[in-house]
Structures are given as structure tokens and as C-alpha cells.
Amino acid sequence: MHTNHFSMAVSHRLFRPATSTVKNIFSSYLIRSLSSSSGSSLDPEIDLKEAASQLEKSSSSSPSPYKGRNFHWVFLGCPGVGKGTYASRLSSLLGVPHIATGDLVREELSSSGLLSSQLKELVNHGKLVPDEFIISLLSKRLQAGKEKGESGYILDGFPRTVTQAEILEGVTNIDLVINLKLREEALLAKCLGRRICSECGGNYNVACIDIKGDDHSPRMYMPPLLPPPNCESKLITRADDTEEVVKERLRIYNKMTQPVEEFYRKREKLLEFELPGGIPESWPRLLRALHLEDLYDKKSAIA
Ligand SMILES: Nc1ncnc2c1ncn2[C@@H]1O[C@H](COP(=O)(O)OP(=O)(O)O)[C@@H](O)[C@H]1O
């Protein structure tokens, strides 16, 4: 059923102008190199068409054993907006996996390999990694989930380019795209305050954001999300959470990912959600916007 869209999306991308060809050659080289040097199972000859075909195979989900749970949702939003926080909360509530492509990339980079340092260069400078590479990583993750009987997902950090959105549209039907928004003054501070526990992987934020209100917008207060005592001495900062790199990531988001918002807006799948403040204020409102407050109440009552 998806084959026509899929082939059109892919062939459209295969006839790109010459500048993209240079990027494609680089990407294929990178992927070939990565797969031979890091022991990665990526196909050495992989290209965008092949990566999309892998994605098609891995994303066809069998009917969910839990009726109504087969959610295929996407989170969009600038770096630092809180995609990970809200996607992971919704994933626990709805019983579907939270798949963050940024995490998949970091896992891949942590495996040693001569040329994985080239990918690291891209990530640590705030650039996107090639579409082929990310689609291939996502396919592997979806395939592994399928084998474990997972059904549905909440994607965080994918799609990030219109090419990725077209390919995803060709292989699966996304039900909803939540576009999280946060006042720009808060984004940089949130990224710079981000900390991860090197042992348990917990995500925290040491920034305390307090933006004075004025005639146009109310005060915004976001308290820090501090780690428990046993994580305190194990906190690390992501290499790409420096001021210079965050600014570059914001620039790339506006250039490459904002068109993805428009892509889903046109298809009437985009839910715009402006975060009013920290988690205690924002979470109940997000649930209300998603008509999920009843489910949350029931789950909390059971817990
Ligand atoms: N869909 C994607 N396409 C290309 N690159 C990606 C994608 N997802 C993640 N990455 C790479 O991983 C990095 C970290 O991603 P992520 O953790 O989602 O960061 P952010 O906090 O900027 O949303 C990105 O800056 C990019 O280099």
C-alpha cells in the first residue's frame, strides 16, 4: 500500500542537485568506513534508497495486542525544549517505546572505531549526521523492537529533515506530531544546564530559569531538576552542550527542521504546544491537550 509513496519519496531524493551528490558520496564513504572500522553491522554499500527500504521492513508493525495502544507519534522541537522529558513520560503512560535518535547516535559513537571520529566531528559541531546513517540506525532499532514484540513508538529527534519526513511518510502512518515550543531565552540555558548521570543514564538539569514577565508575556519559572544524592558525583555534560555548539544546533534546527513542522502542518498532523514553564505546570496541560488526563488519573490511582 505504501509502495508508491515510498518509491516516489525515495526516487525524488535520488534526483537531487549536484551539491547533494557530494554530500551523498561523503555519507556513503562515512558509512562504509564506519561499518568496517567500528564493527558496526551497517551494510557497507548502504545508500539512502537501501536505508529507506530497511526502514520500511522494520516499521511495519503487527497489530498491537493492546487495542488502542498502537501509537505512532513524533516529537518535534528545538534542542533543549524538553522533547526527551515529555516523550519519555508519555511513553511510560501509553506503554510504547520512546525512541530518541540522538541516543542511538551517541550509542553508536561510543563504540570505538577509526572513522567514527568523523561522525563525532559532525555531532560535536552541532551538525546533523547523514540521512542514510540515521535511517539505518533507526531501522535497526525498530527491527530489534519488532522482534521483542514492541508495537508503536514515540519518536524523538526524527524526522529532522524533509527527506527523513518523506521517507517516514512512505513507510508508515504517523498519527500525531507534537511540536514543543519554549521561549527562546530559555532554550540556551536549558541546554547548558543539562547533566546526565554517567552510571544510571538519568537526565537532570541544574539551570534555574526565571524570566521576568512583561506586558506581552507572563513570568516563566522553570526550577532545576536536580539529581538524587547517589548520582550527584557522577554527572557529566554532553560534548555538544557548549554555548557555541548549542547556538549552531539552534541554527541548524531553524534551517533544516522547521520545514518539517510545515510538512506536518500541511497534513494537519501538527499539535503546537507552548510550554508554560517547568514540568509541574506543563505536564498536566500537555495531558489535557492530548486528552489523556483520564488515563493519567487512572494509572496514578492504580500505582
Ligand atoms: N534525525 C537525525 N538526523 C540527523 N542527525 C541526527 C538526528 N537525530 C540525532 N542526530 C544527531 O545527534 C545529535 C544529538 O541529537 P539529540 O540528542 O536529538 O539533540 P538535541 O538536543 O539537539 O535535540 C544531533 O545534533 C545530530 O548530530
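Everything that follows concerns the structure shown earlier in this document.
Owing to the predicted nature of the structure, the values given are computational and were not obtained by experimental measurement.

Caption draft 1: Molecular detail of the overall build of the chain. When you go through the chain residue by residue, the secondary structure sums to twelve helices and ten strands. Each of the 303 residues in the chain was classed as buried or not, and the buried ones make up 47%. Taking the intrachain contacts of the chain between residues at least 6 apart in sequence as the baseline, contacts between residues at least 24 apart amount to 75%. About 15600 Å² of surface is accessible on the chain, with carbon and sulfur atoms providing 55% of the total.

Caption draft 2: Spotlight on the sheet that holds strand 5 (residues 194–197). Strand order in the open sheet formed by three strands is 6-5-9, with antiparallel pairing between adjacent strands. With one partner strand each, in any of the chains shown, strand 6 (203–205) and strand 9 (235–236) form the two edges of the open sheet. Of the pairings in the sheet, the one linking strand 5 to strand 9 comprises two bridges and is antiparallel in character. Considered in strand 9, the bridge of I196 is made with I236.

Caption draft 3: Examining the packing of helix 4 (residues 83–94) against helix 11 (residues 279–289) more closely. Between helix 4 and helix 11, the least distance of the axes is 12 Å, while the angle of their chain directions is 50°. The pairing of helix 4 with helix 11 is recorded here as oblique in orientation. Between helix 4 and helix 11 lies a crossing whose hand is right-handed. Of the residues in helix 11, those touching helix 4 at T85, Y86, R89, L90 and L93 are I279, S282, W283, L286 and L287. Split into classes, the residues belonging to the contact of helix 4 with helix 11 amount to seven nonpolar, two polar and one charged.

Caption draft 4: Main features of helix 5 (residues 101–110). Among the residues of helix 5, T101, L104, V105, E108 and L109 are the ones counted as buried. Buried residues along helix 5 cover an arc of 130° about the axis, so they all sit on one side. Residues of helix 5 that are exposed and point over 90 degrees away from its buried face: E107 and S110.

Caption draft 5: Molecular detail of the pattern of salt bridges. Tallying each qualifying case throughout the model produces 18 salt bridges. The partner of R141 in a salt bridge is E150, with the nearest N and O atoms 3.1 Å apart. Judged by relative accessible area, which is 23%, E150 ranks as partly exposed. Linking K181 and E272 is a salt bridge whose minimum nitrogen-to-oxygen distance equals 3.1 Å. Taken together, the positions of K181 in strand 4 (residues 176–181) and E272 in strand 10 (residues 270–274) put the pair 91 residues apart, joining distant regions of the chain. Taking the relative accessible area as the measure of exposure, K181 reaches 32% and is therefore partly exposed. Linked through salt bridges whose partners overlap, the residues forming this network are K181, E261, E262, R265 and E272.

Caption draft 6: Structural view of the site of the ligand. Around the ligand, the structure places 18 residues, and the nearest of them are T101, R106, K127, G157 and R249. Contact between the ligand and T101: a nitrogen atom at 2.9 Å from a side-chain N or O atom of the residue. Within the side chain of R106, a nitrogen or oxygen atom sits 3.0 Å from an oxygen atom of the ligand. Contact with the protein chains covers 96% of the free accessible surface of the ligand, which is 550 Å². For the shell around the ligand, the element with the most residues is helix 5, which contributes three residues. Partitioned by chemical class, the residues of the shell around the ligand number six nonpolar, four polar and eight charged.

Caption draft 7: Looking closely at the packing of helix 5 against helix 7 (residues 131–147). For the pair helix 5 and helix 7, the least separation of the axes is 10 Å and the interaxial angle reads 95°. When the axis of helix 5 is compared with that of helix 7, the two are roughly perpendicular. Here T101, L104, V105 and E108 of helix 5 lie close against helix 7, whose contacting residues are F133, I134, L137, L138, K140 and R141. Per-class residue counts for the contact of helix 5 with helix 7 are six nonpolar, one polar and three charged.

Caption draft 8: A look at the environment of T242. Mapped onto the elements of the fold, T242 is located in the loop between strand 9 and helix 10 (243–266). Taking the C-alpha atoms as reference, T242 lies 9.8 Å from G193; in sequence the two are 49 residues apart.

Caption draft 9: Molecular detail of the nonpolar core. Ranked by size, the top nonpolar core spans 67 residues in total, and within it W73, L90, L168, I178 and Y264 carry the most contacts. Residues within four places of W73 in sequence aside, it is in contact with L90, L94, Y153, I154, L155, D175, L176, I178, L290 and L292.

Caption draft 10: Examining the side chain of K190 more closely. Checked against the element boundaries, K190 lands in helix 9 (residues 184–192). Residue contacts for K190: discarding those within four places in its chain leaves G80, V81, G82, L182, N205, I209 and M222.

Criteria and cut-off values
Residues numbered from 1 in each chain as written. Predicted model: local features only at pLDDT ≥ 70, side-chain atom pairs only at ≥ 80, totals over all residues. Heavy atoms only, no water. Helix = DSSP H or I, 4+ residues; strand = E, 2+ residues; numbered from the N terminus. Buried < 20%, exposed > 50% of the residue type's maximum accessible area, 1.4 Å probe, protein only. Contact = heavy atoms within 4.5 Å. Areas by Shrake-Rupley, 256 points an atom, 1.4 Å probe, with all protein chains shown as cover. Pairing = 2+ DSSP bridges. Axes fitted to C-alpha atoms, helices over the stretch in contact; angles between N-to-C directions. Parallel < 35°, antiparallel > 145°, perpendicular 65-115°, else oblique. Left-handed = near helix turned anticlockwise from the far one by under 90°. Nonpolar A, V, L, I, M, F, W, Y, C, P; charged D, E, K, R; others polar. Arc of directions from axis to C-beta. Salt bridge = Lys/Arg side-chain N within 4 Å of Asp/Glu carboxyl O. Near = heavy atom within 4 Å. Polar contact = N/O pair within 3.5 Å; in protein donor to acceptor, adjacent residues only side chain to side chain. Core = buried A, V, L, I, M, F, W, Y, C linked by side-chain atoms within 4.5 Å.

Note that every value here comes from positions in space, so none of it alone points to a role or purpose.
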